[in-house]
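# Coordinates in review
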Amino acid sequence: MLPKSQDAGCCDVDGATYTRRRGFTSIYLLIGIPCQVGVEMVTVFPQKSSTPEFRYPTCRWYKTALFLKIEKKERAFLPKLKHGVSCPKIGEWLTDGGIILETPTFATRMSRLGTESAFEVLAKAKQLEAQGKDIIHLEIGQPDFPTPSNIIEAAYKAMKEGHTGYCPSAGVPAFREVVAHHITETRRITIHPDEVTVTPGAKLIIFFTILALIDDGDEVIYPEPGFPVYESVIDFIGGKAVPLPLREEVGFRFRLEDLVDAISDRTKLLILNSPQNPTGGTLTAEDLEAIAELAQKHNFYVLTDEVYSRILYEGEHHSILSLPGMKERTILIEGHSKTYAMTGWRLGYGIAPQAIADKITRLTINSNSCTATFTQLAGIEALTGPQTFVKEMVAEFQIRRDAIVDGLNAIDSVSCVKPLGSFYVFPNVTQLPLSADALADYIMEEADVALLPGTAFGKYGDGYLRLSYANSLENIQEALGRIETAISKLTSDSYD
Ligand SMILES: Cc1ncc(COP(=O)(O)O)c(C=O)c1O
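Residues numbered from 1 in each chain as written. Predicted model: local features only at pLDDT ≥ 70, side-chain atom pairs only at ≥ 80, totals over all residues.

### Things to note about the environment of Glu 316
- Tracing the sequence through the fold places Glu 316 in the loop between β10 (301–305) and β11 (330–335).
- Here Glu 316 falls in the exposed class, since 8 other C-beta atoms lie within 10 Å of it.
- For Glu 316 and Ala 285, which are 31 residues apart along the polypeptide, the C-alpha to C-alpha distance reads 9.6 Å. (Helix = DSSP H or I, 4+ residues; strand = E, 2+ residues; numbered from the N terminus. Buried ≥ 20, exposed ≤ 12 C-beta atoms within 10 Å, placed from the backbone.)

The following block contains the structure:
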């Protein structure tokens, strides 16, 4: 029997709060069973814990733990634990869907590391597919086009020529040169190859920059709803994550007043992302000028995530790096994943002042050593070879964007802003009778369409869904039809 001190009531309260705030479909509770009599410890491990208030004293003493997967609607069974349950053996599955595990004790920081729920939704969708369901995937953020063949050929040639060993940690010199030239041209500011650091995917530049710059308690302002990795990594590293709300009424940009309010004496870094994931919003040249002025006045760095810079449907891309006085305090993130449909190749890079670039390289030496040599050589072909693929892909995305925006706006109680960039839409569903989380679950179950609740991108995403249109027009049309049917059923049911 669980000792009486293992009252699970408090877990219920916190778990429920967490679920509401973060929008997860399920939560996991880990209830430690102390081996030392009288030591009372309860540890709550939500799937994505980044909020310290949900952490209880970590139990270093327990040998066994109850690991219970609790679906949102099934939380009612929790009070049973209050009266104690018999303690099954390690590895034994509980009828509730939990399992008894022997748990290692983790470093405290691990409880602050979040995740990307797109991968969890994908796993759930795959599970449903295995059961014979025909799921349409609108949850995943990667182009549905194959990598252009000239890039594949270049990688193959590089491998055949023996470029299969380690390379310099900062990147292959020839690739860094091509990148420096590309950024010099597109951002209209001279970049030296020494200011380029190559990593296996742009994501690592986010991680390494925050790791290199942020000390305990330093504040980092980041856009919300935003790419979940920003908040997760800031928390993990011990920084203070300060969300900057993006607002639908201004095309999912942030208001300058909100930025001014978010700045404090401890602000060390501001993260920008334009075109944006998950909303597709873009910052204007005027926004960037005002932000640059604030960065210089308050002396903070800017990490500008521009991985969608070329997936833009109107106007031209603006980068804060181009503005006077900003090169010294800007780290630009770019990569080949989205532009050249190379997500699985893992090829990204950062442009940073030499001193910061050196630290990113030092972190590379201590972690992944380098980015695959042949991938970088293929990356040269991507940047210097024909660019027709990019143009055609963006033209196709634009057709789909128009179709999905029109389709969503035609659904009763749903409204969708037409985004200017990336390949996501972020429809407003506040008029519907379900929360965004419940609605995303409902659409998956009822319409066989996988998409994400806005809360997967932070609390300001509440009331929205994110749909990726990196899927064929035919599938998008089919998904829209299914969503419309499911939603009309939902609204008519709720008025019955
Ligand atoms: C805003 C944003 N930044 C960075 C990344 C990471 O890209 P990469 O595949 O190059 O690591 C993504 C991927 O989805 C993204 O959406």
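### With respect to the site of the ligand
- Lining the immediate surroundings of the ligand are 13 residues, of which Gly 201, Ala 202, Lys 203, Asn 277 and Ser 337 lie closest.
- Partitioned by chemical class, the residues of the shell around the ligand number 3 nonpolar, 8 polar and 2 charged. (Near = placed C-beta within 6 Å. Nonpolar A, V, L, I, M, F, W, Y, C, P; charged D, E, K, R; others polar.)

### Considerations on the nonpolar core
- Val 220 and Val 449 are the most contacted members of the largest nonpolar core, which totals 121 residues.
- A domain split of this core shows at least three residues from each of domain 2 (117–143 + 389–495) and domain 3 (149–384). (Core = buried A, V, L, I, M, F, W, Y, C linked by C-beta atoms within 7 Å. Domains from an automatic or database assignment.)

### A look at the environment of Asp 412
- In this fold, Asp 412 is placed in the loop between α12 (388–409) and β13 (424–425).
- Considering only alpha carbons, one finds Asp 412 and Leu 432, 20 residues apart in sequence, at a separation of 8.9 Å.
- Sequence-distant contacts of Asp 412, that is, excluding residues within four places in its chain, are made with Ile 487, Ser 488 and Thr 491. (Contact = placed C-beta atoms within 7 Å.)

### Some details on helix α7 (residues 228–237)
- Most of α7 sits out of view: 9 of its 10 residues are buried.
- Within α7, burial applies to Pro 228, Tyr 230, Glu 231, Ser 232, Val 233, Ile 234, Asp 235, Phe 236 and Ile 237.
- Residues of α7 that are buried in the fold lie against α6 (203–213), β6 (219–224), β7 (240–247) and β9 (267–273).
- Phi turns positive one or two residues past the end of α7, at Gly 238, with a value near 100°.

### A closer look at helix α5 (residues 173–187)
- Its 15 residues place the ends of α5 21 Å apart at the C-alpha level, agreeing with the 21 Å of an ideal helix rising 1.5 Å per residue.
- Of the residues making up α5, those classed as buried are Phe 175, Arg 176, Val 178, Val 179, Ile 183 and Arg 187. Angularly, the buried residues of α5 cover 160° about the axis, an arc narrow enough to put them on a single face.
- After α5 finishes, the residue Arg 188 shows a positive phi value of roughly 50°. (Expected span 1.5 Å × (residues − 1). Arc of directions from axis to C-beta.)

### Things to note about unusual backbone geometry
- A cis amide bond, omega 5°, links Glu 224 with the succeeding residue Pro 225.
- Inspection of the secondary structure puts Pro 225 in the loop between β6 and α7.
- Each neighbour pair has its own omega, and for Asn 277 with Pro 278 the value is 20°, a cis peptide bond.
- Mapped onto the fold, Pro 278 is located in the loop between β9 and α9 (285–298).
- At Arg 346, a position not held by glycine, the phi torsion is positive, near 65°.
- Relative to the helices and strands, Arg 346 resides in the loop between β11 and β12 (348–351).
- In the Ramachandran plot, Ser 369 falls in the positive-phi region, its phi being about 70° despite a non-glycine side chain.
- Of note, Ser 369 is situated in the loop between α10 (354–366) and α11 (373–384).

### Digging into the sheet that holds β13
- If you walk across this open sheet you meet the 3 strands as β13-β16-β15, and the pairing is antiparallel. Either end of the sheet is taken by a strand with one partner, and the two such strands are β13 and β15 (452–453).
- In the sheet, β15 pairs with strand β16 (residues 465–468) via 2 bridges, with the strands oriented antiparallel. Counted as the bridge partner of Leu 452 is Arg 466 from β16. (Pairing = 2+ DSSP bridges.)

### Here's the deal with the pairing of β12
- Alternating residues of β12 divide into Gly 348 and Gly 350 and Tyr 349 and Ile 351, and every residue in both groups is buried.
- Judged from the 4 bridges that link them, strand β5 (residues 196–199) and β12 form a sheet pairing that is antiparallel. Note on β12: the bridge partner recorded for Thr 199 is Gly 348.
- Inspection of the sheet shows β11 paired to β12 by 4 bridges, in the antiparallel sense. By the bridge assignment for β12, Leu 332 is matched with Ile 351.

### Focus on the sheet that holds β11
- Taking strand neighbours across the sheet as the criterion, the 8 strands line up as β5-β12-β11-β10-β9-β6-β7-β8 in an open arrangement whose pairing is mixed. Whereas interior strands pair on both sides, the edge strands pair on one side only; in this sheet they are β5 and β8 (253–254).
- Contacts between α6 and the sheet are confined to β5, β6, β9, β10, β11 and β12, with β12 contributing the most and set at about 40° to the helix. (Axes fitted to C-alpha atoms, helices over the stretch in contact; angles between N-to-C directions.)

### Digging into the packing of α6 against α10
- Here α6 crosses α10 at 110°, and the two axes come no closer than 9 Å. On the basis of the axis angle, α6 is roughly perpendicular to α10. By crossing handedness, the relation of α6 to α10 is classed as right-handed. Contacts between α6 and α10 involve Ile 205, Phe 208, Thr 209, Leu 211 and Ala 212 on the former and, on the latter, Ile 356, Lys 359, Ile 360 and Leu 363.
- The residue makeup of the contact of α6 with α10, split by class, is 7 nonpolar, 1 polar and 1 charged. (Parallel < 35°, antiparallel > 145°, perpendicular 65-115°, else oblique. Left-handed = near helix turned anticlockwise from the far one by under 90°.)

### A word on the pairing of β6
- Most of β6 is tucked away: 6 of the 6 residues are buried.
- Both faces of β6 are covered, namely the face carrying Glu 219, Ile 221 and Pro 223 and the face carrying Val 220, Tyr 222 and Glu 224.

### A short note on the confidence of the model for the protein
- Overall, the predicted model of the protein reaches an average pLDDT of 83, with 78% of residues at or above 70.
- The low-confidence segment residues 1–103, where pLDDT is below 50, has 158 contacts with residues more than four positions distant or belonging to other chains. (pLDDT = per-residue confidence, 0-100.)

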